[in-house]
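Descriptive analysis of the structure
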Amino acid sequence: MKQKKMLALTLSQLEQLYRHELPELVDIAVRSEHATTFKTRLSEYIAAHPEVESEAGKQIRLLIEFDGQEVHELSTGTQLTISTLSLLHAFLTRQWEEEMETDVFIDLFQQFRRLQHPSIPLPPAQKIKSLTERWPTGLDEDVQQIRTKNKERILHALVQKIEHRKHPTSRFHFADGISYDEKFRLVNEWWNDFRFHLAMAVKTPTELNRFLGNSLSVETMYLLSKARKKGMPFFATPYYLSLLNCTNGGYDDEALRSYILYSPQLVETYGHIRAWEREDMVETGKPNAAGWLLPDGHNIHRRYPEVAILIPDTMGRACGGLCASCQRMYDFQSQRLNFEFDALHPKESWEKKLRRLMNYFEEDTQLRDILITGGDALMSQNKTLHHILEAVYRMAVRKRKANQQRTEGEKYAELQRIRLGSRLPAYLPMRINDELVEILREFKEKASAIGIRQFIIQTHFQTPLEVTPEAAEGIRKLLTAGWLIDNQLVYNVAASRRGHTTRLRQVLNQLGVVSYYTFSVKGFEENNAVFAPNSRSVQEQLEEKRFGKLSKEDAYNLSTTLENIHDPAAYIRRFLKTHHLPFLATDRNVLNLPAIGKSMTFRMVGITTEGKRILCFDHDSTRRHSPIIDRLGQVYIVENKSIASYLRQLQTIGEDIEEYATIWNYTQGETESRFHLYEYPDFPFRITDKMTNLEINE
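What counts, and at which threshold
- Residues numbered from 1 in each chain as written.
- Predicted model: local features only at pLDDT ≥ 70, side-chain atom pairs only at ≥ 80, totals over all residues.
- Heavy atoms only, no water.
- 1 Å grid on protein atoms, 1.4 Å probe; cavity = no way out; pocket = protein on both sides within 12 Å on 5 of 7 lines; lining within 4 Å.
- Points joined across faces, edges and corners; volume = space filled by probe spheres on them.
- Helix = DSSP H or I, 4+ residues; strand = E, 2+ residues; numbered from the N terminus.
- Disulfide = S-S within 2.5 Å.
- Buried < 20%, exposed > 50% of the residue type's maximum accessible area, 1.4 Å probe, protein only.
- Domains from an automatic or database assignment.
- Core = buried A, V, L, I, M, F, W, Y, C linked by side-chain atoms within 4.5 Å.
- Contact = heavy atoms within 4.5 Å.
- Pairing = 2+ DSSP bridges.
- Axes fitted to C-alpha atoms, helices over the stretch in contact; angles between N-to-C directions.
- Parallel < 35°, antiparallel > 145°, perpendicular 65-115°, else oblique.
- Left-handed = near helix turned anticlockwise from the far one by under 90°.
- Nonpolar A, V, L, I, M, F, W, Y, C, P; charged D, E, K, R; others polar.

Attention shifts here to empty space enclosed by the protein. For the structure shown, the criterion picks out eight cavities of 30 Å³ or more. Of the pockets and cavities examined, the second largest cavity occupies roughly 130 Å³. If you trace the second largest cavity, you find 16 residues lining it, with Lys444, Gly482, Leu484, Leu562 and Glu563 closest to the centre. Considering each element in turn, the lining of the second largest cavity owes the most residues, three residues, to strand S7 (residues 454-459).

Counting across every chain of the model gives zero disulfides. No disulfide involves Cys246; its sulfur sits 19 Å from the nearest other cysteine sulfur, which is in Cys323. Residue classification places Cys246 among the partly exposed positions, given a relative accessible area of 21%.

Right, let's talk about the domain arrangement of the chain for a bit. Partitioning the chain into structural domains gives domain 1 (3-56 + 81-116), domain 2 (137-251) and domain 3 (275-482). Once you take the C-alpha centre of each, domain 1 and domain 3 turn out to be 51 Å apart.

Another point: the nonpolar core. Counting 128 residues, the largest nonpolar core has Tyr262, Ile372, Ile418 and Leu420 as the members making the most contacts within it. A domain split of this core shows at least three residues from each of domain 2 (137-251) and domain 3 (275-482). Those residues within four positions of Ile418 in sequence are excluded, and the remaining contacts are Ile370, Ile372, Leu389, Val392, Phe443, Ile452, Gln454, Phe455, Ile456 and Trp483. Leu74, Leu108, Leu115 and Phe602 belong to the second largest nonpolar core, which has 59 residues in total.

Along the polypeptide, Pro233 turns up in the loop between helix H13 (218-229) and helix H14 (238-241). Expressed as a C-alpha distance, the spacing of Pro233 and Phe339, which sit 106 residues apart in the sequence, is 7.9 Å. Contacts of Pro233, omitting those with residues within four sequence positions, involve Tyr262, Tyr270, Leu322, Phe332 and Phe339.

For strand S13 (residues 613-618), the buried fraction is high: five of the six residues fall into the buried class. As paired elements, strand S12 (residues 601-607) and S13 share six bridges and run antiparallel to each other. Within the sheet, the bridge partner assigned to Gly606 lies in S13 and is Ile614. In this structure, S13 lies alongside strand S14 (residues 635-638), joined through four bridges in antiparallel fashion. If you follow Leu615 over to S14, its bridge partner there is Ile637.

This part covers unusual backbone geometry. Leave glycine aside and you will find that most residues have negative phi; peptide bonds, for their part, are mostly trans. Going from Gly374 to Gly375, the amide bond is cis rather than trans, its omega being 25 degrees. Its place among the elements puts Gly375 in the loop between strand S5 (369-372) and helix H20 (382-403). Non-glycine residue His580 carries a positive phi angle of around 55 degrees. For His580, a relative accessible area of 72% corresponds to the exposed category. At Asn693, a residue that is not glycine, the phi angle is positive and equals roughly 55 degrees. With respect to the element layout, Asn693 can be found in the segment after strand S15 (668-669).

Direction vectors running N to C along helix H22 (residues 434-448) and helix H23 (residues 469-480) enclose 30 degrees, while the axes themselves pass 8 Å from each other. For the element pair H22 / H23, the angle class is roughly parallel. Where H22 crosses over H23, the handedness of that crossing is right-handed. On H23, the residues that touch Asp434, Val437, Leu440 and Arg441 of H22 are Lys477, Leu478 and Thr480. For the contact of H22 with H23, the per-class residue count stands at three nonpolar, one polar and three charged.

This is how it looks when you write it as structure tokens:
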């Protein structure tokens, strides 16, 4: 049966489907007076089934094993009783009620049907190629033509905006008496200045609609107005808005819109959003959920022994736009992050605080990696960023010097890697100016001399449409500074469409950018509209990403070359051509667990009455964790939406859901190994096993 037809079945029709396609299962249920008897007989049936050792048979056994168990659902902190097969027994013996949802029984039908069809047909290379090539990029000529018209419309709107400003204190103002043509020419010149876009960013629904040619629906305007009344921030630059397609034809811009337009669930829950990662919730003087003691305030986030995040008290606490699925939305909600730029300029006290934060890195035995982010690291002014990098450099020098006095096996980890987290290469690529490039180049030259090995701009392109000529030029400039660029993708509904992620990897690789992470959307209710199930991530990993997989030897050679080469873009293009690869599959598909760390190692142990899968996660075994990991054990999470609901959503945005038919089969996942480039280099000495800044209470 076609996916589309199955998703539309009523409960009664679905029951008839079971009776027609799975008569043995129905017979077992009818002959079982109680759910307990049903599970016992089902176990006997599975044991006698010729496909018992198949993945399908193992999955049914898991559902039997966990039925009736109570588990702790970590994201909500509640106890959950799993009753998947008890629910199925009630359904097959006609003890169901009209208001019950069909999604759980659709998923269960697919699981039992797998016993008859255990193999998963993998799509051929040509199929994935055609699915990949259907997605346009911002470098395509026809896309650029639409963008040119967008820009012209927005330029006229910007002229009007500047004309009507009541207090034109900005450097971007018109002198009295100049003509409209002169105003338009000035605005066109200012377009190339990133400060102009920040100064002219859209902050209200009415202005957004005007910049988009009054193309937003009444429903969208009502929702955005409701968000504004709740105090929800909104910030979109003219440059980024020029990427959207407001015509009735041309390219599909759903991936762009899903990043700047809020969903009803997000607006409804704003004000009650909680931190997904528990280690981000910090109380002064107390260890976080990972056991790490942190300096006062919210400047350092940490979950692993080797790396900590630094969020400076500067413009770096802001962003070039607010992403609808931002993992720090709760920080915007609490106003720790905002778009009040004047209030974010570094204050005199910041220098003293920065020294204290650097002491934390210097005096820690295990820290070797610092990720400066926010907000957005490149939102800091060049002078401020230079000051932060200088502080990092001096800290690294002191830590290295102190190590000379320590004996072998007692030495501290020295700084090996520095990363700047920024979405501005996609949001506002004109920020990457010559002064910034020079600051980065100079820092790398002197930092390399003291043993820092890896310099990475960790960016976030969400869609190939963000890869514009302006973005390509920004990437080129950053690479000339000698820093590598890697990309993190949030795998939301729009980005999860077949071939979309492979196309993004492809176009970024051609410019010299390698992929780092493909993140599942975290599953609280505010992100329901953009959540793509983890089974889709595993499907993408095993069916689509496989065509860019490297052998261990090739991955090692590529990594070592990228660390030392002057033109990574040209080298990657040659590498792809030599190895006949469409892209490099260097990223890992993972979910940030609401406990500690990332993982894609899971098993489906149940399904809720709404059809949402209940997943049991293990932590990533390929990397070091805080010792607290030994106490946490397995983590149970209920996904944000059912597979059926996800497929219906894809259907509404124009996808052929028959292309996703194998998604039901992916009921377990395994975390991929890390690309060699992302492994820490070995030290020429032995460091201490002792961990500082760690407190794990009994």
